[in-house]
Amino acid sequence: MGFSIFNFSKTPSSDSNSPAGDNLATNGLPFPWSKVRLPNYIVPVHYHLLIHPNLTTLKFSGSVKIEIDVKNNTNWVVLHSKNLKIFTATVLDEHEAHLSDKVLSVLEYPAHEQIAIFSPKILTSGEKYFLYLEFGAPLSDGFYGFYKSTYKTKAGETRVLASTHFEPTSARMALPCFDEPIFKANYTVRIRRGPSHIALSNMPLEQTVEIGNGLFEDHFEVSVKMSSYLLAFIVCDFRSVSGMTATGINISIYAVPEKWHQTHYALEAALRLLEFYEQYFNILYPLPKMDLIAIPDFQSGAMENWGLTTYRETSLLYDPDISSASDKLWVTLVIGHELAHQWFGNLVTMEWWNDIWLNEGFARYMEFVSLEAVYPELKVEDHFLDTCFGAIGRDSLNSSRPISSLAENPTQIKEMFDTVSYDKGACILHMLRNFLTNEGFQSGIIRYLRRFRYSNARNEDLWDSLIKTCSEEDFTAGEYCYSSTQATKNAYRFAGEHIDLKKMMSTWTLQKGIPLVTVRRQGRRLYVGQERFLKIVLPNDPSWNSLQEGYLWHIPLTYKTSHSEHEVKHLLTTKSDVLTLDEEVDWVKLNTDMNGYYIVHYDEEGWNCLTELLRVNHTALSFKDRASLIHNAFHITVLSYQALDLIGYLKSETHNVPLLQGLGYLQSFYKLIEKRHIADVTHNLKTYILQYFRDVIDKQTWSDDGTVSDRRLREEVLSLACDFNYPPCLEKAKQLFNSWVDSNGTVSLPTDVSETVYMVGAQDDSGWAYLLEKYGVSMCETEKSKFLSALASSKDSKKLSRLLQLGMGGTVIKTQNLPSLIYMVARNPVGHFLAWDFVKKHWNELVEKFPLGSFGIRSIIVGTVTQFSSTEELREVEVFFKSITEQVSQLRVIQVATENLEKNIMWLKRNLETMRTWLQQRLN
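If you're wondering where the values come from, they're calculated on a predicted model, not measured in any experiment.

(A) Layout of the overall build of the protein chain. Helix and strand content of the protein chain: 32 helices and 30 strands. The principal-axis extents of the C-alpha atoms in the protein chain amount to approximately 95 × 75 × 60 Å. A total of 924 residues make up the protein chain; the buried ones form 61% of that total. For the protein chain, contacts bridging at least 24 residues in sequence account for 72% of all contacts bridging at least 6. Surface accessibility of the protein chain: about 35000 Å² in total, with carbon and sulfur atoms responsible for 50%.

(B) Region of the structure containing helix α30 (residues 871–883). Helix length check: α30, at 13 residues, gives a terminal C-alpha distance of 18 Å against a target of 18 Å (1.5 Å per residue), a fit within 8%. Inspection of α30 places Glu873, Leu874, Val877, Phe880 and Phe881 among the buried residues, and these make up the whole buried set. Burial along α30 is one-sided: seen end-on, the buried residues are contained in an arc of 125°. Exposed side of α30, more than 90 degrees from the buried face: Arg875, Val879, Lys882 and Ser883 are the residues found there.

(C) Fine view of the pairing of strand β9 (residues 158–165). With 8 bridges connecting them, strand β8 (residues 145–152) and β9 associate as antiparallel partners. Directly across from tyrosine 147, in β9, lies its bridge partner serine 163. Connecting β8 to the antiparallel partner β9 that follows it, the hairpin turn spans 5 residues, and glycine 156 within it adopts a positive phi of roughly 95°.

(D) Representation of the environment of serine 564. Relative to the elements of secondary structure, serine 564 occurs in the loop between β26 (555–561) and β27 (568–572). On the basis of relative accessible area, serine 564 is assigned to the partly exposed category, the value being 22%. For the pair serine 564 and glutamate 583, spaced 19 residues apart in sequence, the C-alpha to C-alpha distance is 9.6 Å. Reaching out from serine 564, the side chain makes a polar contact with the backbone nitrogen of threonine 561 at a distance of 2.8 Å.

(E) Layout of the sheet that holds strand β16 (residues 250–255). Pairing in this open sheet of 5 strands is mixed, and the strands run β15-β16-β17-β19-β18 from one edge to the other. Two strands bound the open sheet, and with one partner strand each, they are β15 (239–244) and β18 (302–303). Here β15 pairs with β16 via 6 bridges, running antiparallel. Paired with serine 240 across the bridge in β16 is tyrosine 254. Where helix α3 (residues 325–341) meets the sheet, it contacts β17 (289–295), β18 and β19 (308–312), and its direction lies at approximately 150° from that of β19.

(F) Examining the UniProt feature "site: Transition state stabilizer" (unreviewed entry) in the protein chain more closely. In the numbering used here, UniProt assigns the feature "site: Transition state stabilizer" (unreviewed entry) to Tyr422. As for its position among the elements, tyrosine 422 is in helix α7 (residues 419–436). The residues contacting tyrosine 422, other than those within four sequence positions of it, are His337, Glu360, Gly361, Arg364 and Phe417.

(G) Spotlight on the pairing of strand β12 (residues 205–212). Where β12 lies against strand β13 (residues 215–220), 6 bridges are found, and the strand directions are antiparallel. Directly across from glutamine 207, in β13, lies its bridge partner histidine 219.

(H) Focus on helix α4 (residues 357–374). With 18 residues, α4 should reach 26 Å at 1.5 Å per residue; the first-to-last C-alpha distance of 24 Å fits that figure. Among the 18 residues of α4, 16 are classified as buried, and the element is accordingly described as predominantly covered.

(I) Representation of unusual backbone geometry within the structure. For the bond from glutamate 167 to proline 168, the omega torsion is 0°, close enough to zero to count as cis. When you line up the elements, proline 168 lands in the loop between β9 and β10 (186–193). The backbone phi angle of asparagine 591 is positive, close to 60°, even though this residue is not glycine. Relative to the helices and strands, asparagine 591 resides in the loop between β29 (588–590) and β30 (599–602). On the basis of relative accessibility, which here comes to 1%, the residue asparagine 591 falls in the buried class.

(J) Layout of the state of the cysteines. For the coordinates displayed, the defined rule picks out 2 disulfides. A disulfide bridge connects cysteine 388 with cysteine 427, and the sulfur atoms are separated by 2.1 Å. Residues cysteine 388 and cysteine 427 share a disulfide whose torsion about the S-S bond is about -105°; that sign makes it left-handed. With cysteine 388 in helix α5 (residues 381–395) and cysteine 427 in helix α7, this pair connects stretches of sequence that are 39 residues apart. Take cysteine 388: its relative accessible area is 4%, and that puts it in the buried class. Shown here is the disulfide that connects cysteine 722 with cysteine 729, its sulfur atoms set 2.1 Å apart. In this structure, the disulfide formed by cysteine 722 and cysteine 729 twists by about -100° around the S-S bond and is classed as left-handed. The same class applies to cysteine 722 as to cysteine 729, namely buried. Summary of cysteine pairing: cysteine 780 is not part of a disulfide, and the nearest cysteine sulfur, belonging to cysteine 236, is at 19 Å.

(K) Molecular detail of the pattern of salt bridges. Within the structure shown, the criterion is met by 43 salt bridges. Arginine 458 is the salt-bridge partner of glutamate 351, the closest N and O atoms lying 3.0 Å from each other. Of this pair, glutamate 351 sits in the loop between β20 (348–350) and α4 while arginine 458 is found in the loop between β21 (455–457) and α9 (459–467), placing the two residues 107 residues apart along the sequence. Exposure remark for glutamate 351: the relative accessible area of 25% places this residue in the partly exposed category.

(L) Highlighting the sheet that holds strand β6 (residues 114–123). In spatial order, the strands read β3-β6-β5; together these 3 strands make up an open sheet with antiparallel pairing. Each edge of the open sheet carries a strand with a single partner, namely β3 (74–80) and β5 (106–109). The average angle at which neighbouring strand axes cross in this sheet is 25°, direction not considered. Relative to β6, β3 runs antiparallel, the two being bridged by 6 bridges. For leucine 79, the partnering residue across the bridge sits in β6 and is isoleucine 115.

(M) Molecular detail of the packing of helix α17 (residues 656–675) against helix α32 (residues 892–923). Direction vectors running N to C along α17 and α32 enclose 105°, while the axes themselves pass 11 Å from each other. Here α17 lies roughly perpendicular to α32, going by the angle between them. Where α17 approaches α32, its residues Leu666, Phe669, Leu672 and Ile673 are matched on the opposing element by Asn904, Trp907, Leu908, Leu912 and Met915. Residue classes in the contact of α17 with α32 are distributed as 8 nonpolar, 1 polar and no charged.

(N) The environment of glutamate 415, seen in detail. Structurally, glutamate 415 can be placed in helix α6 (residues 410–415). Along the backbone, glutamate 415 and leucine 891 are 476 residues apart, and their C-alpha atoms lie at a distance of 7.7 Å.

(O) Looking closely at the packing of aromatic side chains. For the structure on display, the rule yields 55 aromatic pairs. Arranged with centres 5.8 Å apart and planes meeting at 20°, the rings of phenylalanine 344 and tyrosine 448 form a pair that is stacked. Of this pair, phenylalanine 344 sits in the loop between α3 and β20 while tyrosine 448 is found in helix α8 (residues 438–451), placing the two residues 104 residues apart along the sequence. Among the residues examined, tyrosine 448 registers a relative accessible area of 1% and is labelled buried. Between the aromatic rings of tyrosine 602 and tryptophan 607, the centroid separation amounts to 5.1 Å while the plane-to-plane angle is 85°, which identifies the pairing as edge-to-face.

Quick notes on the rules
- Residues numbered from 1 in each chain as written.
- Predicted model: local features only at pLDDT ≥ 70, side-chain atom pairs only at ≥ 80, totals over all residues.
- Heavy atoms only, no water.
- Helix = DSSP H or I, 4+ residues; strand = E, 2+ residues; numbered from the N terminus.
- Buried < 20%, exposed > 50% of the residue type's maximum accessible area, 1.4 Å probe, protein only.
- Contact = heavy atoms within 4.5 Å.
- Areas by Shrake-Rupley, 256 points an atom, 1.4 Å probe, with all protein chains shown as cover.
- Expected span 1.5 Å × (residues − 1).
- Arc of directions from axis to C-beta.
- Pairing = 2+ DSSP bridges.
- Polar contact = N/O pair within 3.5 Å; in protein donor to acceptor, adjacent residues only side chain to side chain.
- Axes fitted to C-alpha atoms, helices over the stretch in contact; angles between N-to-C directions.
- UniProt positions renumbered as here; feature names shortened; annotations may be inferred.
- Disulfide = S-S within 2.5 Å.
- Salt bridge = Lys/Arg side-chain N within 4 Å of Asp/Glu carboxyl O.
- Parallel < 35°, antiparallel > 145°, perpendicular 65-115°, else oblique.
- Nonpolar A, V, L, I, M, F, W, Y, C, P; charged D, E, K, R; others polar.
- Phe/Tyr/Trp six-rings, centres within 6.5 Å; stacked < 30°, edge-to-face > 60°.

Now the structure itself:
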C-alpha cells in the first residue's frame, strides 16, 4: 500500500473500437471499456439536468441531456452510473435529431460503476452530439449521492429533505455523468418540488414554473464550468438569513426552521471571510451568490460545492448560550476552509485525485491565513502547531504515504482525504510561505489561480507558478514564461543560495515521511545531519538501513542563538553539513517557531542548554519554540529524563500552547498505562500531575471569562482535573450539575466547562438517565455532542453497550454520530474492549453505513485499534483483519492503525521503567 515511488497514471489509450476481453456487462455481453478511468475521446460540454425527488415515496427520477464533443470516431459512449436505473438512452445530432430510430441498448458494468451506450451510427471526430438519458433510483440511504436526511421538530414530527454529496465519486449516483475532475462542464439545472418546499442548487433561481398536480419546477441559471463532484441540489423546507458582501455577492445561511436563530454568527463570518479571500487572491468570487446550509445528516465536516456549501450542523450553527470558545473557533475554521475551496478546488481543480492535497492542503492552510487576518482575537495560531504535530504523528510511521500518491478506484480515492493531504499539505505550504516570504507566496498563488482558472492542475504546476516572475500582463497576453532564459531570473535566493524550488518541493511531496535533523555544536561550528525519522524503528534495528535508503530532503533550516537578533537561514540539501556561527554562543535553537516540517534532535549538551534556558528564562524563546521543544523532546524515540526534566519549567509557563503540550503528553502516557492496569505508575503519575499543575488548576474559574486562549486552557485543564477525580473539581462540577438539573436544564452553564460538568453528572444512574433524556429533545447539535461525550464517559459497561446499540439503531443517536461514539467508548478505560467487540460483531453493517475508505470507517478502525498496547491485542487485531482480507486488502488505514498499536507496545517496553523510576524520584 505504501507507494514510495510516484507516477502519473497514463490517460487511457484512445483505442476506441476494440472491446475489452473479460469485462462482461450485467447482461453477459462484452463491455467495451476495460479501465477504471473513462476514455478521453468523449468530452462533456454542457449538462441539462431535470431532477424530481419525491419526499413521500423517497424515490427520485430525472433526465439529462449532455452535450458532448467527440475527439475520435467511435460507436460507444462510456460514462459513469451507479445504482441508477436507466429507462431510455438516445444519441442526438447537433440539431437534436435522433441518430437512430431504435432504442439504444445500455450496457452496465457495476465493478467500474460505468455504463456504455451503443450508437449504430458512428459518432464522428470533431462533431457535436447530445446524449439523452432518463433515469431513476431510490434516494440513497447513506451520506453519498442524492440522499435523504431527516430532522425532528420541537413537536416531535419527523420531516424529510433530500440533499447531495458527490465528492469524490458519487455524482454518478444521482445522474449518469463523466464523473472525473478533468471533465469540467456547464450545468443547467431544473428541480421539481411541492409547494411547501424550496429547491437550491449551485446557481441562483432564474424562474419558477407551475406545472400542475401541485408541482413547481425551479429553473436555475447556467453554472460556470466545473467538475461533476461540485454539482449540488437540495429540496427542503429550511429558513435562511442573508447578507451582501461589499462586492455585491448575496450570502445566505440555511438551517432547519427551529434552528434559524443559530445561523447569525455563520453569516457574519462568511461575509467577512469571502471579502478577505477576494482581496487576498485578487480574483473576484465568480458566482452571484453563496449559500451555506446545515444538513441534519452529514458524514464529514462540510463540502465546498460551488455556490452551495453543505455542512454538518455542528460545523455551521452557533448558539452563544451553548457553544464554547472552541466551538466558535471550529465553525469559523470550517467556513474559512470551504470558502477557500471556492478558489482552490473549484476555480482550479487537481487533474486527478492523486493530487487532492492541492485542494485540501491549501484549504486547510488558508483557514489559518484567513482567520489570523480577519479574526485575530480567535488566536488561530495557537492551533496551527497541533495541525503539524498531528501530521508528524502519522508521518513518523512507515505506514504513511507521500502527499502525492497513486489512487485509482473509489476506495483508494476516499482514503486520500486524510491527515497527509490536509495537515501535512498545510504544514509544507506554511514552510514554503515562510521560505518565500508572505508576499512571494501570495503573488505565486495568485499566478497559479489565474493561470489555471476553470481548468485543472498538477503538483508541479504549483511550483512552476511560484517560481515564475511573469507579470500579470504576460498572463493576460497568453504568454507563459517557461523559457530557460527566465530560469535564472526566477530562482529564489535563500540565504544567498540559488534554489531549485521544484526540486526542493518534490522532496516534500513525492516521498513519504519526515526528516530528523541532528545538531551538535563544537565551539563556533554546528554539525548538522538529516535522516528519516521513524517512531518505531531504532538505528540498531535490522530494518533501519533499508528504511533510510534513498531518503533525502531539501530542508530550509532556520535557527536562533543566544546572541542573534534575527533567525539565520540555510538550505540543507545533503546528508550532513557544517555551519559556522558568527561568535561563541550559549545555546542554539533550530527550526524557529516550528515553521519547518522537521524534528530536531540535539546532542546531550544541546538539550541541557535549552532545558536550563527554559528553567531560568523561558521567554527568551517564543511560545511556538517552547511548544516545539516539548514536542520534539517527547517525540524522539526513547523517553529520557531529559524530556521529563525539560517540562519542569512549566510551573512558570503562562501560555496555553506549551502548557497543554506538556500536559497532553503526560495525560496520554497516563491513559496508556491506566488501560494496562499498571497500578503503581498510574497512581504516581496522576499524583504527580495533580501536584505539579495544581496552581494552574486552582487558578481556573468556572466561567466564560478571559481571552480565547484563557478559555481554551480552562476547558482542557478542568476537564483533566475532574477526570483525575481532583476533589475541588468534582465538588464544583457536581454543584453546577445539580443546579442545572433542578432548573430542568434552564439554567445556563458556563459554555467552556459545560462538558466537564455533564461528565461528572453522568457518573451516577439518575444523572446519566437525565442526560440521555435531554439528548433526545435538545435542538442544538453542539450541545448534543457534549451530552453524548458525557454519556460515553460512564464507568458502567451496560450503559456503554446501550449507547452503542442506540447508535446502531440510528433513531435516538443519528448514524452520522456513530463513528465518534465508538471512539468515545473506546477511549473510556471501561469501554475499549467493548467498542472493539462491537466493531467486530457489526463489521458488515458498519461497512454498509460507512463505505470502505470513507472518513467514518477509518475513524472507527483507528479509534478502536489504537487504544490497545499489548502483543496479545495486536495478534487479535491482526487475526480479525485477516478474516476480512477480501474487503480490506486495499485499505491503507489498517496498516496505520496496526502500526499505532505497535507504537504503543514499543513505548511501554522502552519507557515504562524510566517513567516509574523518574516518578519515584520526583514524588519522594
